[in-house]
Protein chains: 2
Amino acid sequence: MINHPPLPHDHGHTPQDLSCPPAQQLQEAADCFRLLGDASRLRLFCLLCQCEECVINLSALMGMSSPALSHHLRQLKSCGLVVSRREGKEVYYRAADTPQARLLHQTALQLAYAEDGT
Amino acid sequence: MINHPPLPHDHGHTPQDLSCPPAQQLQEAADCFRLLGDASRLRLFCLLCQCEECVINLSALMGMSSPALSHHLRQLKSCGLVVSRREGKEVYYRAADTPQARLLHQTALQLAYAEDGT
DNA sequence: ACAACAATTAAACATATGTTTAATTATTTG
DNA sequence: CAAATAATTAAACATATGTTTAATTGTTGT
């Protein structure tokens, strides 16, 4: 709980304690949201939640160049949303098997399909 | 379900049908994520999920100028995540009472506090 | 009508971001 | 070892974004 300083105006309907995640955790949550805030990357993430694929096939599926895709994959990986493994010449990517990844995937689907998610 | 064209490589472990929300709905979901992809805006949204406040008080709570705040509020409003009402000289903002807003708030808290959200 | 306060808008600016093109690294195969 | 394929990295570019400052609009009270 965060106890905020006195406010310029007192309208009598603001709780003295407003809970808010600490700055660092808030930033990490924001980083996850930001990654999925690009339609291409969100679609990529959704694909990677359903299959494991090499970069060339992902390029074809996404209609996007390999370098562009590599860039997005690295970002998703840096936040722990996807993982990769090399097999011969190819590197396979898939969504990470973590609570965060599952949560964000479900949230994305619920947002897109407008199902009630409460 | 989306039936994708043949891929450059056949590794034998990719489903022929990969479901993905239609472009427009995907874009709307991405827009919501993008809005919460900024730490300041995410914190603002969390505050507005707990109280209704005027811009000056939100400025004080956020440690941010009124114009900067107005800018963020307009974006959150344009996506339907917050609503406003004027009362005299002041305009009060609060989180929208919609499934999307509730879903995103819960997701943000779960991400930040690292609770298992599956 | 005028002054004071609240909020928004507009312009300007620096920074961040997504994509392209070209170059580089890694791995397999002839 | 050289050629071919897969992936990444680097440089360059245009565009988008967050914030500041200054100007404008809206509302209340004298």
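Let me sum up the structure you'll find in this document. Here the structure is a predicted model, which means the values were calculated and not measured.

Rules used in this analysis
- Residues numbered from 1 in each chain as written.
- Chains lettered and ligands numbered in written order.
- Predicted model: local features only at pLDDT ≥ 70, side-chain atom pairs only at ≥ 80, totals over all residues.
- Heavy atoms only, no water.
- Core = buried A, V, L, I, M, F, W, Y, C linked by side-chain atoms within 4.5 Å.
- Buried < 20%, exposed > 50% of the residue type's maximum accessible area, 1.4 Å probe, protein only.
- Contact = heavy atoms within 4.5 Å.
- Near = heavy atom within 4 Å.
- Polar contact = N/O pair within 3.5 Å; in protein donor to acceptor, adjacent residues only side chain to side chain.
- Helix = DSSP H or I, 4+ residues; strand = E, 2+ residues; numbered from the N terminus.
- Nonpolar A, V, L, I, M, F, W, Y, C, P; charged D, E, K, R; others polar.

### Quick word on the nonpolar core
- Residues A:Phe33, A:Leu42, A:Leu81, A:Leu104, B:Phe33, B:Leu42 and B:Leu104 are the most contacted members of the largest nonpolar core, which totals 72 residues.
- Contact partners of B:Phe33, with chain neighbours within four places excluded, come to A:Phe33, A:Arg34, A:Leu36, A:Gly37, A:Leu42, A:Leu104, A:Thr107, A:Ala108, A:Leu111 and B:Leu104.

### Details of the protein's contact with DNA strand C
- Not every one of the 26 residues close to DNA strand C is listed here, only the nearest: A:His9, A:Arg41, A:His72, B:Ser70 and B:Tyr93.
- Considering the 4 Å shell around the protein, atoms of DNA strand C inside it are sugar or phosphate in 78% of instances.
- Contact between DNA strand C and B:Ile56: a phosphate oxygen at 2.9 Å from a main-chain N or O atom of the residue.
- In the model, a phosphate oxygen of DNA strand C is placed 2.3 Å from a nitrogen or oxygen of the B:Tyr93 side chain.
- Looking at the surface near DNA strand C, the elements with two or more residues in it are helix H2 (39-48) and helix H4 (66-78) of chain A together with helix H3 (55-62), helix H4 (66-78) and strand S5 (90-95) of chain B.
- Examining the composition of the surface near DNA strand C, we find that 5 residues originate from one element, H4(A), more than from any other.
- When its residues are assigned to classes, the surface near DNA strand C shows 9 nonpolar, 9 polar and 8 charged.

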